[in-house]
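# Tertiary structure, described
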Amino acid sequence: MLTPDPAVDTVEVVTVRRDRSAPSGETTVVRLLVLLPAAWSCTCEVSSDRVRLRIDLADGTDRSTVRHALREVLADTALYGWYQES
């Protein structure tokens, strides 16, 4: 895992597996990263039931944009059984 740069503002997003038949966190993090905008820089922590992403806010990206994009990504059938933790 990479260490976040404290000088860069980030958004932390946590997703959790609520359906035991859903793929593990190791598979899910790859799917999440592929579906999010390629230009976004982020670090991640992964366990079998939880994925934590820290997404850098840069180049006009704001918290609202990140949260909206994640909602859309989690609606993809490839991420069935995974939900954003409140």
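Criteria and thresholds
Residues numbered from 1 in each chain as written. Predicted model: local features only at pLDDT ≥ 70, side-chain atom pairs only at ≥ 80, totals over all residues. Heavy atoms only, no water. Helix = DSSP H or I, 4+ residues; strand = E, 2+ residues; numbered from the N terminus. Salt bridge = Lys/Arg side-chain N within 4 Å of Asp/Glu carboxyl O. Pairing = 2+ DSSP bridges. Axes fitted to C-alpha atoms, helices over the stretch in contact; angles between N-to-C directions.

The residue R67 is located in helix 2 (residues 63-74) in this model. The spatial distance from the C-alpha of R67 to the C-alpha of Q84 is 9.6 Å, given a sequence separation of 17 residues.

Turning next to the pattern of salt bridges. Enumeration over the complete set of coordinates arrives at 7 salt bridges. Residue R63 is joined to D9 by a salt bridge in which the shortest nitrogen-to-oxygen separation is 3.0 Å. Taken together, the residues R63 in helix 2 and D9 in the segment before strand 1 (10-17) connect sequence positions 54 residues apart. Measuring nitrogen to oxygen at the nearest pair gives 3.6 Å for the salt bridge that ties E12 to R52. In this pair, E12 is assigned in strand 1 and R52 in strand 3 (residues 50-56), connecting sequence segments 40 residues apart. Overlapping salt bridges, with partners in common, bring together E12, E45, R52 and R54 in one network.

On to the sheet that holds strand 3, then. Sheet architecture is open: 4 strands sit in the order 2-3-1-4, paired in antiparallel fashion. Two strands lie at the open edges of the sheet, namely strand 2 (42-47) and strand 4 (82-84), each paired on one side alone. Neighbour-to-neighbour, the strand axes of the sheet open up by a mean angle of 20°, direction not taken into account. With 6 bridges connecting them, strand 2 and strand 3 associate as antiparallel partners. Bridge assignment links T43 to a residue of strand 3, and that residue is R54.

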